[in-house]
Amino acid sequence: MEIKRLQILNVWVDSVNMARSIEFIKKTLKYGKRPHSIFAVNPEKNFSVPKNPVLYQSFKNADLLIPDGIGVVIAARVLHAVTLSRVPGVELMNNICKVASDEGYSIFIYGSKEEVNLKASEELIRRYPALKIAGRSDGYIKEENMGALITKINDSKADVLFLALGSPKQEEWLAKYKDRLNNIKVCQGIGGTLDTIAGNVKRAPKFWQNLNLEWFYRLIREPKRIKRQKVLPLFLLLVIYNKMRKAGLNHRLF
Ligand code: UDP
C-alpha cells in the first residue's frame, strides 16, 4: 500500500484521508514488528521542525504524517494540486480506539496531568466499553524513573501507545525510547488531545468545523492561542510565495 508523501515547505504530509489512515493502522497492528510513528502536521510544524534536529529526523522518518490542520490542506492544493481532507489528530485517536476495541488490541496512554489522563481514559471507556486500556501514566515522569515507565509499558503488552506530551517532547521521547518498546506497533503523538477528550478544551461545534473555521472558534475562546495561530497567515503567505516563485521559474525556463 503506497502512500504518497508531499513536501510542504519545510515539512511533509502524507496524502491520506481518515479511511486510508485507518487502513494503514489496521495493517500495522496486524503485521507491524516495531513502533510505527504517527505525527500530526500543521503550520506550526513548518517552523518548529527545521529548528530541532530530533524533531526533523522524527518527521522525516515518520511512518504516517497526517494532515491535521486546514493550513496543510490548502498548502497541498496550492503546491501540488492535491485535494486532501483533514485528518484531525483527535479524531484519528478516537478512531484508533474504536479499531482497538473492535479488534481486541490494547492501548497505553502516556501524557498530560494525572486528572486529565484519568478523565480522558474514563471517557474513552464510556465511548468504547470493550476498549482495553492496558496501562496509563501522567506526562510528568522524571528522567530517572523512565526505565520503570518503559518496563510498565512493556509489561502491559499494549499494542498502541498514545503520547500526549506536546511537541517536541513527544517526538523526542519516542526517538529516545522507541528501540526499548517491545510490543508497541502503533504510536501516535497526540499533543493536547487528552485535554479535549477530558472536556477541558472544547472543540468547535460541527458548524464551525464544516466551514473549516475551527481554528477561529478556538481563537475566540482562548485568545492566548493567538501566539500559536499567528503562524497560519505567515505559513499561507509562504505557500503562495513559493508557488509564485516556482511558476515564475518555469516561465523563464520554457
Ligand atoms: N504535557 C505533559 N508533560 C510535559 C509537558 C506537557 O504531559 O512535560 C502535556 C500537557 O499536560 C498537555 C499536552 O502535553 O496535555 C500539551 O498540549 P499542547 O496542546 O501544548 O500540545 P500540542 O498539541 O500543541 O503538541
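Nothing here was measured: the structure is a model prediction, and the numbers come from that model. (Residues numbered from 1 in each chain as written. Predicted model: local features only at pLDDT ≥ 70, side-chain atom pairs only at ≥ 80, totals over all residues. Heavy atoms only, no water.)

A. A look at the layout of surface pockets. In this model, the largest pocket occupies a volume close to 1,300 Å³. Around the largest pocket, the lining comprises 45 residues; the ones closest to its centre are Asn42, Glu44, Asp68, Arg225 and Arg228. In terms of residue count, the dominant contributor to the lining of the largest pocket is helix α2 (residues 43-48) (five residues). For the lining of the largest pocket, the class distribution of residues is 15 nonpolar, 15 polar and 15 charged. When its volume is computed, the second largest pocket comes out at roughly 390 Å³. Gly139, Tyr140, Leu165, Gly166 and Lys169 are, among the 20 residues lining the second largest pocket, the residues nearest its centre. Top contributing element to the lining of the second largest pocket by residue count: helix α8 (residues 169-177), with five residues. When the residues that make up the lining of the second largest pocket are grouped by side-chain class, the tally is nine nonpolar, five polar and six charged. (1 Å grid on protein atoms, 1.4 Å probe; cavity = no way out; pocket = protein on both sides within 12 Å on 5 of 7 lines; lining within 4 Å. Points joined across faces, edges and corners; volume = space filled by probe spheres on them. Helix = DSSP H or I, 4+ residues; strand = E, 2+ residues; numbered from the N terminus. Nonpolar A, V, L, I, M, F, W, Y, C, P; charged D, E, K, R; others polar.)

B. Examining the site of the ligand more closely. The environment of the ligand is made up of 14 residues, and the closest members are Ser112, Gly139, Tyr140, Asp195 and Arg228. The backbone of glycine 139 places a nitrogen or oxygen atom 2.7 Å from a nitrogen atom of the ligand. Separating an oxygen atom of the ligand from a side-chain N or O atom of lysine 169 is a distance of 3.1 Å. The pocket occupied by the ligand, as judged from atoms lying within 2 Å of grid points, is the second largest pocket. (Near = heavy atom within 4 Å. Polar contact = N/O pair within 3.5 Å; in protein donor to acceptor, adjacent residues only side chain to side chain. Sits in = over half its atoms within 2 Å of the grid points.)

C. Looking closely at helix α3 (residues 53-60). Buried within α3 are the following residues: Leu55, Ser58 and Phe59. Buried residues of α3 fall within an arc of 95° about the axis and therefore sit on the same side. Taken together, the buried residues of α3 touch β1 (5-8), β2 (11-14), β3 (36-41), α2, β4 (64-67) and α8. With a side-chain oxygen lying 2.9 Å from the backbone nitrogen of valine 54, the N-terminal cap of α3 falls on asparagine 52. (Buried < 20%, exposed > 50% of the residue type's maximum accessible area, 1.4 Å probe, protein only. Arc of directions from axis to C-beta. Contact = heavy atoms within 4.5 Å.)

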